[in-house]
Amino acid sequence: MASILERSIRATVTKGIEAVAEFNRGRMAEAEHPFLSGIHKPMAEELTLDGLRVDGTIPAALDGSYMRIGPNPFAPNPAGYHWFAGDGMVHAVRLKDGKASYRNRWIRSHEVARAGGPAAAPGARRGMRDNVNTNVVGIAGRPMALVEAGSYPVGLDHELSAQEYSDFAGTLDGAFSAHPHYDPATQENHAIVYRAEDPNELRHVVVDRAGKVVREVAIPVEHGPSVHDCALTENYVVIFDLPVTFSMKALIGGFKFPYRWNREHKARVGLLPRDGGADDVIWCEVDPCYVFHVANSFEGATGKVVIDLCAYETMFDGGMKGPNGRNLGLERWTIDPAARTVGRRTLDASPQEFPRPDERFFARPYRYAWALALPETDQPGFLADTRLFAHDLQTGARQIHDFGTNRFPGEFVFVPRSDDAPEGDGWLMGLVVDMNREASELVILDAHHFARAPVATVHIPHRVPPGFHGNWIPV
């Protein structure tokens, strides 16, 4: 009975806070928003385009879809808007027999339906807010759209014609993550999960190869930290408890993304044994910083944990519209579980984001990583560089692929040439926005000839707004 009463009180309080937030949001005067204009201007319609023009040759082995998701508000309103809060839209480029087609669809949330969009998709919900806009991954053989700190995932098909909200057949109790990490050795997906309603708790969630949650363990924290990504090694799940935390002041003030830099929150990294509980976490203090994304992580011969990641000096420290703060480049963190220390070393000081490895080597020692270059100085729309980086972590060499003036790549994902190909033998693919033509391309590069001209370029005759994450999902 106490839990029912607690939920009832919490729901009533939440409605009151949301009413105040909506009132204050209405008082915000915004003429233009950097994440609703220019390269970020939302698409206004759903399209299906077959027989796209292809330059070069799409590798015959590629039979599947490159899917990417990002924010695309159905009814754009700059008041209180944050890039991370926009309605989700999935873009899919289907490749088969050397041919390509494209389609885009809004995630069929109740929020989009209330704004006048398509009818809401069926399936389980865990509250009024069901926006999903951050990642698309394959889980148990099915494409799934993901978000953190809120909605259940949304199951998709390759044609984007069927959507269904999923709590993994009733096995997921709380929220999920935008960044579960698949362990090729165990065929499990591991995630560290948070939600604003429970600011004093994170959860370690494990989804098995059949798509069922087999572990959901609570971990006490303070202040409601925003945990975008996690890391994984043979024996540990790595938790980033860093100084971006929930801000009631921002929420009541009308801002749709209520997380801010918190100087009072101690920065630390936790090593949770895969089968351990909250009391087993090895917490290690680290200098204040923030991390969105991990390239890879593994355990060295001495038992220390190595994590390669992109770090920021601060994040959301004053800016209210999108990510900000000085990017510190690609770093290697070495955690000593015995001494409870974190050593930080810069691998490449150039600002960069969205680091990706050959995922077959995730949680194991590896050699190659690829990342998106960021501008040297803050830009209103965040993404304003034309280059990708390829890192050889064995030799320290870096290669650059530059797409040219006013041509802006997003995150690129590695696709192996075959299941048993050596590490790094395959292709990199991702979307490039060509602002010279207000058009887009799916570009396929040979990973071992990174700086050369693309193997294939699929032409999409409109601008696909920059999104967050995409993946190759084979049929």
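Residues numbered from 1 in each chain as written. Predicted model: local features only at pLDDT ≥ 70, side-chain atom pairs only at ≥ 80, totals over all residues. Heavy atoms only, no water.

1. Focus on the overall build of the chain
Item 1. Across its full length, the chain carries 3 helices and 33 strands.
Item 2. The C-alpha extent of the chain, read off along each of the three principal axes, is 65 × 55 × 45 Å.
Item 3. Across the 475 residues in the chain, those meeting the buried criterion constitute 58%.
Item 4. A separation threshold of at least 6 residues defines the contact pool for the chain, and within that pool the share at least 24 residues apart is 60%. (Helix = DSSP H or I, 4+ residues; strand = E, 2+ residues; numbered from the N terminus. Buried < 20%, exposed > 50% of the residue type's maximum accessible area, 1.4 Å probe, protein only. Contact = heavy atoms within 4.5 Å.)

2. Points about the sheet that holds strand β19 (residues 282-285)
Item 1. Taken in spatial order, the 4 strands of this open sheet run β14-β15-β18-β19, and their pairing is antiparallel. Of all the strands in the sheet, just β14 (231-232) and β19 have a single pairing partner and so form its edges.
Item 2. Where strand β15 (residues 236-241) lies against strand β18 (residues 268-273), 6 bridges are found, and the strand directions are antiparallel. Following the sheet pairing, V237 is matched in β18 by L272. (Pairing = 2+ DSSP bridges.)

3. Regarding the pairing of strand β27 (residues 398-402)
Item 1. The pairing of strand β26 (residues 387-392) with β27 spans 5 bridges and is antiparallel. What sits directly across from H391, in β27, is R398.
Item 2. Hairpin connection, β26 to β27: the antiparallel pair is bridged by 5 residues, and G396 has positive phi, about 85 degrees.

4. Description of the sheet that holds β26
Item 1. Spatially, β24-β25-β26-β27 is the arrangement adopted by the 4 strands of the open sheet, whose pairing is antiparallel. Each end of this open sheet is capped by a strand with a single partner; those strands are β24 (352-357) and β27. Taken over all neighbouring pairs, the strand axes of this sheet differ in orientation by 25 degrees on average, direction set aside.
Item 2. One ladder, built from 4 bridges, connects β24 with strand β25 (residues 368-373); its direction is antiparallel. For E353, the partnering residue across the bridge sits in β25 and is L372. (Axes fitted to C-alpha atoms, helices over the stretch in contact; angles between N-to-C directions.)

5. Digging into the packing of aromatic side chains
Item 1. Applying the stated rule across the entire model yields 22 aromatic pairs.
Item 2. Judged by centre distance (6.2 Å) and plane angle (75 degrees), the ring pair of F298 and Y366 falls under edge-to-face. Highlighted residues: F298 in strand β20 (residues 290-299) and Y366 in the loop between β24 and β25, separated in sequence by 68 residues. Just as F298 is buried, Y366 falls in that class too.
Item 3. Stacked on the ring of Y165, the Lys or Arg R125 has its end atom at 3.5 Å from the ring centre.
Item 4. Stacked on the ring of F255, the Lys or Arg R260 has its end atom at 5.4 Å from the ring centre. (Phe/Tyr/Trp six-rings, centres within 6.5 Å; stacked < 30°, edge-to-face > 60°. Lys NZ or Arg CZ within 6 Å of the ring centre and 35° of its normal.)

6. Description of the pattern of salt bridges
Item 1. Scanning the entire structure with this criterion turns up 33 salt bridges.
Item 2. For D358, the salt bridge identified is with R360, shortest N-O distance 2.6 Å.
Item 3. Accessibility expressed as a relative area gives 1% for D358, which makes it buried.
Item 4. Among the ionic pairs, R417 bridges to D425, the shortest N-O distance being 2.8 Å. (Salt bridge = Lys/Arg side-chain N within 4 Å of Asp/Glu carboxyl O.)

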